[in-house]
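Breakdown of the fold
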Amino acid sequence: MFQTLDHFFQSWEFEADATQKLLNSLTDESLTQEITSQHWTLGRIAWHTVAAIHIITSNTDLTFQAPAEDYPVPSSAQFIADSYHEASEAFVQALKKQWTDHTLQERINFIGQQLPNGSLLMFLIQHQAHHRGQMTVLMRQAGLTVPGIYGPAKEEWGKFGLEAP
């Protein structure tokens with residue numbers, strides 16, 4: 001749980017940048033990549049990650065402009081990446097203007113439980129990380145190069161003069 005907005009902003013900056021790197025690597029063709037027809041496509045997961053910023057925070061008193069529906073999925077990878085950037089920026093600006101550190105202690109109803117806003121923000125970060133993991137697998141299947149997030153990706157080890165494990 002985040003106790004201060006500054007701590008959240010430090011974490012969000014890294015996590016949002018990581019998500020943006022993945023989204024910037026997508027192509028229009030890759031959006032249809034799927035594991036099976038019974039599971040979400042890469043595009044659906046990517047768009048859900050965009051819309052989830054607003055969806056997850058919708059039970060709070062926070063107001064900002066961002067996509068609030070994760071279906072239908074846009075067919076443009078650039079639109080998805082741009083939309084994420086805009087949603088993330090609007091979200092951060094709304095937090096800076098509308099919340100204080102004290103707001104992080106206030107509780108809301110989230111998926112049937114009373115949750116402090118500071119925990120909701122942690123959930124939002126974890127939710128993004130979960131979907132980034134799904135996206136990286138689908139990106140590899142689609143033949144895309146995956147950027148490193150918490151360490152170098154396979155293709156990036158050479159930049160450090162090391163052989164990929």
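This write-up is about the structure you can find in this document. (Residues numbered from 1 in each chain as written. Predicted model: local features only at pLDDT ≥ 70, side-chain atom pairs only at ≥ 80, totals over all residues. Heavy atoms only, no water.)

So, the overall build of the protein
Applicable threshold: Numbering of helices and strands runs from the N terminus; a helix is a DSSP stretch of H or I covering at least four residues, while a strand is a stretch of E covering at least two. Radius of gyration here is computed from C-alpha atoms only, and the compact-globule reference equals 2.2 Å multiplied by the residue count raised to the power 0.38. Exposure classes here rest on a 1.4 Å probe applied to the protein chains alone. A residue is buried below 20% of its type maximum, exposed above 50%, and partly exposed in between. Any two residues having at least one pair of non-hydrogen atoms within 4.5 Å are treated as being in contact. Counting rule for charge: Lys and Arg are taken as positive, Asp and Glu as negative, and neither His nor the chain ends is counted. Where a charge sits is defined by one atom per residue type, namely NZ (Lys), CZ (Arg), CG (Asp) or CD (Glu).
Across its full length, the protein holds 4 helices and 2 strands. Counting from the amino terminus, helix and strand elements in the protein follow one another as α-α-α-β-β-α. Here the C-alpha radius of gyration of the protein, 17 Å, is about what a compact globule of 165 residues would show, namely 15 Å. With the principal axes as the frame, the protein shows a C-alpha extent of 45 × 40 × 25 Å. Residues classed as buried in the protein amount to 45% of the 165 residues present. Across the protein, contacts joining residues at least 24 apart in sequence account for 68% of those joining residues at least 6 apart. Positive and negative side-chain charges in the protein, numbering 9 and 18 respectively, have mean positions lying 5 Å apart.

Looking at the packing of aromatic side chains
Going by this rule: Centres within 6.5 Å are what make two rings of Phe, Tyr or Trp a pair, Trp counting through its six-membered ring; a difference in plane orientation under 30 degrees is then read as stacked, over 60 as edge-to-face, and the rest as tilted. We call a charge positioned above a ring when the Lys NZ or Arg CZ atom is no farther than 6 Å from the ring centre and deviates by at most 35 degrees from the ring normal.
Taken as a whole, this structure holds 9 aromatic pairs when the rule is applied. Each residue in the set F2, F8, F9, W12, F64 and F91 is aromatic and connected to the rest through ring pairs, giving one cluster. A cation sits over an aromatic face here: R44 above W40, 4.2 Å from the ring centre. Sitting over the ring of F9, K96 keeps its end group 5.4 Å from the ring centre.

Things to note about the pattern of salt bridges
When the charged atoms of two side chains with opposite charge come close together, those side chains can pair. Quick note on the threshold: For this analysis, a salt bridge means a side-chain nitrogen from Lys or Arg found within 4 Å of a carboxyl oxygen belonging to Asp or Glu.
Enumeration according to the criterion identifies 3 salt bridges in this entry. For R132, the salt bridge goes to E15, with nearest N and O atoms at 2.6 Å. On the criterion of sequence distance, the pair formed by R132 in helix α4 (residues 117-141) and E15 in helix α1 (residues 5-24) is long-range, its members being 117 residues apart. In this structure E15 comes out as buried when scored by relative accessible area, which is 10%. A salt bridge links R140 to E155, with the nearest nitrogen and oxygen atoms 2.6 Å apart. Here R140 is found in helix α4, whereas its partner E155 is found in the segment after α4, with 15 residues between them in sequence. R140 sits in the partly exposed class, given a relative accessible area of 37%.

Quick notes on unusual backbone geometry
In this structure, the amide linkage connecting Y71 to the following residue, P72, adopts the cis form with an omega of 5°. Tracing the backbone through its elements, the reader meets P72 in the loop between α2 (42-57) and α3 (77-98). The backbone phi angle of I111 is positive, close to 50°, even though this residue is not glycine. Along the chain, I111 turns up in the loop between β1 (107-110) and β2 (113-116).

With respect to the pairing of β2
Cut-off, in case you're wondering: Strands qualify as paired when DSSP identifies two bridges or more between them.
As defined by bridge partners, β1 adjoins β2 across 4 bridges and the pair is classed as antiparallel. Along β2, the bridge assignment pairs N109 with Q114. Connecting β1 to the antiparallel partner β2 that follows it, the hairpin turn spans 2 residues, and I111 within it adopts a positive phi of roughly 50°.

Observations concerning the packing of α2 against α4
The following threshold applies: Orientation is described by axes fitted as lines to C-alpha atoms, over the contacting stretch for helices, and by angles from 0 to 180 degrees between their N-to-C directions. Just so you know how the angles are binned, under 35 degrees is roughly parallel, over 145 roughly antiparallel, 65 to 115 roughly perpendicular, and the rest oblique. Under the scheme applied, nonpolar residues are Ala, Val, Leu, Ile, Met, Phe, Trp, Tyr, Cys and Pro; charged residues are Asp, Glu, Lys and Arg; polar residues are all the others, including Gly.
Put simply, α2 and α4 touch, their axes get as near as 9 Å, and they point 175° apart. If you check the angle between α2 and α4, you find them roughly antiparallel. Facing α2, whose interface residues are L42, I45, A46, H48, T49, A52, I53, I56 and T57, α4 presents L120, F123, L124, H127, Q128, H131, Q134, M135, L138 and M139. Among the residues making up the contact of α2 with α4, the classes are represented as 12 nonpolar, 7 polar and no charged.

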